[in-house]
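# Structural characterization, general
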Amino acid sequence: MVNKITVVGAGNVGATTAQRLAEKELARQVVMVDVVDGVPQGKGLDQWESAPIEGFDTRVIGTNGYDETSESDIVVVTAGIARKPGMSRDDLLNTNAGIVKQVSENIRRSSPNAIIVMVSNPLDAMSYVAMKVTGFPRERVLGMAGVLDTARYRSFIAEALDVSVGDIQAMVLGGHGDTMVPLISYTSVSGIPITQLLDRKTLDAIVDRARNGGAEIVKYLKTGSAYYAPSSAAVQMCEAIVKDKKRILPCAAWLTGEYGMSDIFLGVPCKLGRGGLEKIIEVELTSKERVDLGKSADAVRELINIVKL
Ligand code: APR
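Before going into details, it helps to say that this report is about the structure given with it. Everything quoted here is computed from the prediction, not taken from an experiment.

In a pair of packed helices, the angle between the axes and the distance between the axes together describe the arrangement. Contact geometry of helix α6 (residues 146-161) with helix α7 (residues 200-211) gives a least axis separation of 9 Å together with a crossing angle of 145 degrees. Crossing angle aside, the handedness with which α6 passes α7 is right-handed. Listed contacts from α7 to Y153, F156, I157, E159 and A160 of α6 are I206, V207, R209 and A210. Tallied by class, residues from the contact of α6 with α7 come to seven nonpolar, no polar and two charged.

Written out as structure tokens, the structure reads:
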């Protein structure tokens, strides 16, 4: 375990992340920060009071400031607002960029050695804001998207085949949006290529559902977006870092020539360990996957270009 993990934003994703981190005892202390007075304090206390029942010793607290977060080993950023009626995507982008900028300035000051796991959307652009504002090296700024998108894709495949989710290996690359690129050529069930088990039409439908996985949940919830699977995904990244597991997980990382691209955050296979991003793995792609990844990068670049810092 590490000493301290901070979660910024004590909303649905942030609070669920804090609870999962504590239940897994990934840190001695989990600190939730939010701008709303009382909410992080109340949720933190409520979670800490579940410790005797759940059997964890991680101390969870909530606060409105950054003093308690100082020298965090990892900071998970979930602060932001959801899109409101009448708000354009660009408005949302710049509102959340402003929030993430302010949060990043605080992280730089209070936890200069932290590894940032960005969850706030639009994810790839917010990871860019955090890296620019903190000045942290790319090893210490990662975006959570691919793990979630892959989990959705894997759960749909398990459902279609009626097999264990644990036996589905898969990788979803690209930006976190409808341009994401699920790699059918790297999808297998206990080593069996997925194309031997599902026909193309079924696979295409699953890929499509995974691409729209976030929207499917919003449609049900109406007033909010997904948080159980997103928090699980963020915690899996934290666990790989805390336990120095050297896991290969799809994460948004700053590319410096990998996949023929530079100066962009994009979902790629990453080796995660105690140093954060320890390596980007370059896999061979089919020409269609390469074109799709390029399109996904264009969509992310468009957002990054709009961000005003
Ligand atoms: N500092 C700290 N917290 C902030 C700030 C700030 N500057 N601005 C807003 N917040 C808090 C809000 O007060 C709220 O409690 O961020 C929290 C966001 O919580 P929710 O509205 O419940 O949103 P949530 O579902 O948790 O999603 C958060 O994660 O998956 C992404 O797209 C999602 O960008 C969104 C983020």
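Here we come to helix α1 (residues 12-23). Helix length check: α1 (twelve residues) gives 17 Å between terminal C-alpha atoms against 16 Å at 1.5 Å per residue, within 8%. Extensive coverage of α1 is indicated by the burial of nine of its twelve residues. Every buried residue of α1 is accounted for by V13, G14, A15, T16, T17, A18, Q19, L21 and A22. Contact partners of the buried residues in α1: β1 (2-8), β2 (27-33), α2 (39-48), β3 (59-63), β4 (74-77) and α9 (228-242). Immediately downstream of α1, the backbone of E25 shows phi near 50 degrees, a positive value.

What follows covers the sheet that holds strand β10 (residues 188-189). Spatially, the three strands line up as an open sheet ordered β7-β10-β11, and their pairing is antiparallel. Looking at the sheet topology across the chains shown, the edges are occupied by β7 (168-169) and β11 (192-193). When β10 meets β11, the two strands line up antiparallel, connected through two bridges. Bridging from a neighbouring strand, V189 pairs with I192 of β11.

Now for the site of the ligand. Looking at the ligand, there are 17 residues lining it, with N12, V13, D34, Q102 and N121 nearest. Within the backbone of N12, a nitrogen or oxygen atom sits 2.9 Å from an oxygen atom of the ligand. Within the side chain of D34, a nitrogen or oxygen atom sits 2.6 Å from an oxygen atom of the ligand. Taken by itself the ligand offers 730 Å² of open surface, and the protein chains cover 80% of this. At the level of secondary structure, the elements contributing two or more residues to the shell around the ligand comprise α1 and α4 (89-110). Counting residues per element, the shell around the ligand draws most heavily on α4, which supplies three residues. Among the residues forming the shell around the ligand, the class breakdown is eight nonpolar, eight polar and one charged.

Basis of the calculations
- Residues numbered from 1 in each chain as written.
- Predicted model: local features only at pLDDT ≥ 70, side-chain atom pairs only at ≥ 80, totals over all residues.
- Heavy atoms only, no water.
- Axes fitted to C-alpha atoms, helices over the stretch in contact; angles between N-to-C directions.
- Helix = DSSP H or I, 4+ residues; strand = E, 2+ residues; numbered from the N terminus.
- Left-handed = near helix turned anticlockwise from the far one by under 90°.
- Contact = heavy atoms within 4.5 Å.
- Nonpolar A, V, L, I, M, F, W, Y, C, P; charged D, E, K, R; others polar.
- Expected span 1.5 Å × (residues − 1).
- Buried < 20%, exposed > 50% of the residue type's maximum accessible area, 1.4 Å probe, protein only.
- Pairing = 2+ DSSP bridges.
- Near = heavy atom within 4 Å.
- Polar contact = N/O pair within 3.5 Å; in protein donor to acceptor, adjacent residues only side chain to side chain.
- Areas by Shrake-Rupley, 256 points an atom, 1.4 Å probe, with all protein chains shown as cover.

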